[in-house]
Amino acid sequence: MIVMALPKGRILDESLSFLAGCRMQVPRDIGATRKLQVSSDDGSYRFVLVKPMDLPTYVEYGVADAGICGTDVLREFLPDVHQPLDLQFGRCRMVVAGLSRISARPSARVATRYPRIAEQFFRERGEAVEVIPLSGSVELAPALGLAERIVDLVETGNTLRENGLVIVEEIMQCTARLIINRASFHTKQGEISRLLDSMEKQLL
Amino acid sequence: MQKLRTLAPGVQYLKDPDSRIRRIILERLRETFYGWSYQELVLPIIDYAESFQIALGSAVEERMYSFVGRDGSLLALRPDITTLVAKVVAADATTDLPLRLCYDGEVFRHENPKAGQQREFYQAGVELIGSDSPPAEIEVLLVLLEALARAGLKSIIIPLGHAEFFNGIVESLDLGREMGAALKNLVDHKDSWGIAQTISSLDIPQAERDFLKALPRLAGRREVLDRAELVVKNQRSREALERLAKIFDEFSALGVADRFLIDLGEVRDLDYYTGLIFKVYSENLGFEIGGGGRYDSLIAKFGRSLPAVGFSVGLERLMTALLLRAPAQASAERLQDFRVAMRLRQQNKRIHMEYGS
């Protein structure tokens with residue numbers, strides 16, 4: 001049996017329809033129930049729902065054999081896992097955004113849920129900034145004066161607009177990736193191989 | 001007072017019974033090494049940082065605990081023991097070959113503690129020095145199997161790879177240093193998609209393109225070698241495949257082939273290993289217990305050219321793999337106690353549960 005970690009939130013629905021397309025018997029109500037663990041009808045998979053930012057940890061320790069994880073989270077946490085496939089959904093952009101009105105005194109503070117990515121991005125350009133790690137509602141930071149700019153994910157741009165923010169520049173494109181534990185890749189070689197085959201077929 | 005009791009990050013202490021279990025495991029390993037005629041070496045914990053820099057390269061250098069000695073020289077806590085074995089062997093030219101050496105002891109690496117990785121950990125291992133033939137590799141792997149079986153771990157899987165397989169591909173396609181390094185990193189993460197993206201700009205034949213994309217999937221049972229042989233043309237890679245086939249077939253004859261797999265995408269530590277590379281996994285642990293391989297150019301760095309093959313296992317990880325099953329068993333027993341107690345209470349008996357200390 002393969003234990004597969006799925007991220008709650010943004011990419012869960014797309015993950016479920018992708019898995020259904022791979023002919024995996026995912027229980028239909030998995031997104032709706034409050035249960036965090038569900039087995040597939042044929043018992044060959046157990047799905048666990050976890051917070052996106054925690055997902056790489058479950059797979060790295062091997063308590064989940066595989067998982068679906070955004071490249072934003074992979075770049076931030078750099079887990080030591082295999083990442084064989086880009087699943088082509090969950091597309092969004094990681095951007096630097098700031099207030100649309102021009103500030104008189106540019107501040108060096110950047111609020112973000114991705115401190116490592118932000119830090120690296122600005123440092124590589126030789127720009128000295130103070131990165132302020134937050135765990136949510138990052139869009140609020142500029143309006144409240146906590147930071148001049150933010151680094152965050154953008155899908156439609158609506159949330160940014162509603163908070164008076166505009167995109168300053170793009171850092172990277174993000175998608176959903178399949179990740180696999182390095183030990184499970186070998187110890188469950190047959191099952192993992194079948195999983196990869198069915199996903200590759202679905203992606204063609 | 002509270003402050004004084006704080007533990008430094010990345011270190012642990014063991015109490016009975018864990019400390020006793022570790023000692024017993026270590027004794028099982030030592031008995032196995034002794035039985036195969038490996039001689040025990042006790043090595044210094046402190047050495048010149050330069051030894052490790054030369055042997056292990058920059059990747060380990062960054063994670064080394066180094067400090068300045070009283071005379072101004074740069075010293076380090078050993079981040080690896082094989083380096084010290086190589087140094088000792090190079091210094092003593094009078095020894096008969098092949099040499100069979102074993103060791104165990106603490107190793108120190110400044111890493112972020114995570115997935116079974118502490119900053120101070122305990123390694124045990126063997127090195128067979130002076131033979132470049134397949135039987136030396138087979139012996140070392142058999143010692144490993146026996147040592148782990150004696151320690152009580154039987155559900156292990158050892159994927160075998162070969163450094164020259166990947167090196168041969170990079171050379172034959174004339175990929176160059178930078179592209180070779182990028183490809184190696186992608187293969188290390190079995191990133192088929194990333195490989196496809198990266199090589200899309202390369203001017204190479206379609207067949208080679210397809211092969212590179214398929215490289216991460218060249219892992220599994222013995223038939224992987226046959227599949228690879230059909231598509232790989234360069235001599236270096238073909239010799240690597242032949243060598244792996246020879247080893248694998250010998251394990252089949254010995255009846256232990258079910259413990260082994262092939263992983264032609266095993267490319268980590270290519271700067272260190274020159275031939276066979278392997279990792280040891282347990283079916284219930286998410287990270288490797290140990291690993292090893294052939295390193296024919298290490299001892300030469302200390303002035304004596306000798307082929308060598310060896311392995312090391314992490315004692316803490318081995319313990320984790322052995323003990324992981326125990327708690328599940330305990331809770332099953334407790335569940336049974338609760339069931340019995342419930343039945344008795346239904347008969348209006350009064351039950352007092354004891355859970356030990």
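That block above? That's the structure.
Read on for a plain summary of the structure. Note that this is a predicted model, so its numbers are computed, not measured.

Within the largest apolar cluster, 103 residues are counted, with the highest numbers of intra-cluster contacts made by Leu-29, Phe-33, Leu-141, Ile-158, Leu-160, Phe-165 and Leu-264 of chain B. No fewer than three residues from each of domain 1 (10-153 + 281-325) and domain 2 (157-265) of chain B sit in this core. Once residues lying within four places of it in the same chain are set aside, the contact partners of Leu-29 of chain B are Ala-124, Ala-147, Ala-151, Val-313, Leu-315 and Leu-318 of chain B. Counting residues in hydrophobic clusters, the runner-up holds 30 residues, among them Val-26, Leu-49, Ala-66 and Phe-89 of chain A.

A few words on the interface of chain B and chain A. Contacts between chain B and chain A engage 25 residues on the former and 24 residues on the latter. Overall, the association of chain B and chain A removes approximately 2,000 Å² of surface from exposure, summing both partners, and the carbon and sulfur fraction of that is 50%. Of the charged contacts, one joins Asp-197 of chain A and Arg-217 of chain B as a salt bridge, the two residues approaching to 2.9 Å between their closest N and O atoms. On the surface where chain B and chain A come into contact, there are 12 residue pairs in polar contact (both at pLDDT 80 or more). Listing elements by their share of the side of chain B that touches chain A, those giving two or more residues are strand S7 (156-162), helix H8 (192-199), strand S8 (219-220), strand S9 (260-263) and strand S10 (276-282) of chain B.

A few words on the state of the cysteines. All names here are of chain A. A full pass over the atoms with the stated rule returns zero disulfides over all chains. Cysteine Cys-22 shares no disulfide, and the gap to the nearest cysteine sulfur, in Cys-69, comes to 17 Å. Judged by its relative accessible area of 8%, Cys-22 is buried. For Cys-69, a relative accessible area of 2% gives the class buried.

All right, on to the pattern of salt bridges then. Under the criterion given, the structure shown has 35 salt bridges over all chains. Between Arg-217 of chain B and Glu-200 of chain A there is a salt bridge, with the nearest N and O atoms lying 3.3 Å from each other. One end of the pair, Arg-217 of chain B, is in the loop between helix H9 (206-214) and S8; the other, Glu-200 of chain A, is in helix H8 (residues 189-203), on a second chain. A residue is classified by how much of its surface remains accessible, and Arg-217 of chain B, at 17% relative accessible area, is buried.

Here we take up the packing of aromatic side chains. Residue and element names in this part refer to chain B. What the rule picks out here adds up to nine aromatic pairs over all chains. A centroid spacing of 5.0 Å and a plane angle of 90° characterise the contact between Tyr-272 and Tyr-273, whose relative ring orientation is edge-to-face. Exposure remark for Tyr-272: the relative accessible area of 15% places this residue in the buried category. Judged by centre distance (5.9 Å) and plane angle (25°), the rings of Tyr-272 and Tyr-295 are stacked. One end of the pair, Tyr-272, is in the loop between S9 and S10; the other, Tyr-295, is in the loop between strand S11 (290-294) and strand S12 (308-314), and 23 residues separate them in sequence. Comparing Tyr-272 with Tyr-295 shows no difference in burial state: the two are buried. Grouping aromatic residues by their ring pairs yields a cluster made of Tyr-272, Tyr-273 and Tyr-295. Sitting above the plane of the Tyr-122 ring, Arg-22 keeps its charged end 4.5 Å from the centroid.

About the criteria used
- Residues numbered from 1 in each chain as written.
- Chains lettered and ligands numbered in written order.
- Predicted model: local features only at pLDDT ≥ 70, side-chain atom pairs only at ≥ 80, totals over all residues.
- Heavy atoms only, no water.
- Core = buried A, V, L, I, M, F, W, Y, C linked by side-chain atoms within 4.5 Å.
- Buried < 20%, exposed > 50% of the residue type's maximum accessible area, 1.4 Å probe, protein only.
- Domains from an automatic or database assignment.
- Contact = heavy atoms within 4.5 Å.
- Buried area = accessible area lost by both parts, 1.4 Å probe.
- Salt bridge = Lys/Arg side-chain N within 4 Å of Asp/Glu carboxyl O.
- Polar contact = N/O pair within 3.5 Å; in protein donor to acceptor, adjacent residues only side chain to side chain.
- Helix = DSSP H or I, 4+ residues; strand = E, 2+ residues; numbered from the N terminus.
- Disulfide = S-S within 2.5 Å.
- Phe/Tyr/Trp six-rings, centres within 6.5 Å; stacked < 30°, edge-to-face > 60°.
- Lys NZ or Arg CZ within 6 Å of the ring centre and 35° of its normal.

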